[in-house]
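Here are the chains, one letter per residue:
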Amino acid sequence: MTSPNTLIFVDMPSDDPAAAGRFYAEVFGWQNDARPEGVYHRMVPGGQFANPDGTPSEIGNLHLGIFDAANARPHPEPAGVEPRTIAADGRKPRIWILIGDDDSADRILAAAAERGATVLWRDHYWQTFNGYNHAFRDPWGTEILLWGKAGADPRVPASFTRE
């Protein structure tokens, strides 16, 4: 293989893509790119992946798509196919978001909760990957995990849970 198969973006279902687009724009400050409004919303965080020296690379950050669960696009059938609802029970994919250097988990969790999200946990340190994490479930059932860099010499607060 001369080049790898590359993950370019992830889609998540909503029964109201326009409202979900507004939610993520307000919580994370992302651009809400409706294509078209209420059918599919591409959330664009902006910025570039960093080079090893910390400078921006030529590679843009990944996008997140929000599609209408009642008619998931693209699909060869214009009217869509079953299922037409959001999965309610059991485990689903989770989406990890790296907290920006000028933002905080507390601000993000508060903004999400103010807009109808449920905070699942906060203040956990995951030693295996050396990071702080926190989580919420958005109003459409998607779990969002926030990742904070712990750094080379992490000082984990005593109040944090650990793994």
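Further up the page is the structure itself.
This is a predicted model, so every value here is computed, not measured. (Residues numbered from 1 in each chain as written. Predicted model: local features only at pLDDT ≥ 70, side-chain atom pairs only at ≥ 80, totals over all residues. Heavy atoms only, no water.)

(A) View of the environment of Phe28. Relative to the elements of secondary structure, Phe28 occurs in helix H1 (residues 17-28). For the pair Phe28 and Gly100, spaced 72 residues apart in sequence, the C-alpha to C-alpha distance is 9.4 Å. Other than its neighbours up to four places away in sequence, Phe28 contacts Ile97, Arg107, Ile108, Phe136, Ile144 and Leu146. (Helix = DSSP H or I, 4+ residues; strand = E, 2+ residues; numbered from the N terminus. Contact = heavy atoms within 4.5 Å.)

(B) Quick look at helix H2 (residues 105-114). Restricting attention to buried positions, one finds in H2 the residues Ala105, Ile108, Leu109, Ala111 and Ala112. Down the axis, H2 shows its buried residues gathered within 165 degrees of arc, on one side only. Buried-residue contacts for H2 involve H1, strand S8 (118-126), strand S9 (131-137) and strand S10 (143-149). Once H2 ends, the next one or two residues include Gly116, with phi positive near 100 degrees. (Buried < 20%, exposed > 50% of the residue type's maximum accessible area, 1.4 Å probe, protein only. Arc of directions from axis to C-beta.)

(C) The arrangement of the sheet that holds S10 in detail. The strand order across the open sheet built from five strands is S7-S10-S9-S8-S11, with neighbouring strands paired in mixed fashion. Whereas interior strands pair on both sides, the edge strands pair on one side only; in this sheet they are strand S7 (94-98) and strand S11 (161-162). As judged from the five bridges shared by S7 and S10, these two strands associate in the parallel manner. When the sheet's bridge partners are listed, Ile95 is paired in S10 with Ile144. Here H1 sits on the sheet and contacts S7, S9 and S10; the angle it forms with S10, its principal contact strand, is near 20 degrees. Where H2 meets the sheet, its contacts fall on S8, S9 and S10, and the angle it forms with S9 comes to roughly 5 degrees. (Pairing = 2+ DSSP bridges. Axes fitted to C-alpha atoms, helices over the stretch in contact; angles between N-to-C directions.)

(D) Structural view of the pattern of salt bridges. In total, this model carries eleven salt bridges according to the counting rule given. Residue Asp106 is joined to Arg122 by a salt bridge in which the shortest nitrogen-to-oxygen separation is 3.5 Å. Taken together, the positions of Asp106 in helix H2 and Arg122 in strand S8 put the pair 16 residues apart, joining distant regions of the chain. Note on Arg122: relative accessible area 39%, which makes it partly exposed. The closest approach of N and O atoms between Asp153 and Arg155, which form a salt bridge, is 3.5 Å. Each member of the pair Asp153 and Arg155 is classed as exposed. Each of Glu26, Glu114 and Arg115 takes part in a single network of salt bridges with overlapping partners. (Salt bridge = Lys/Arg side-chain N within 4 Å of Asp/Glu carboxyl O.)

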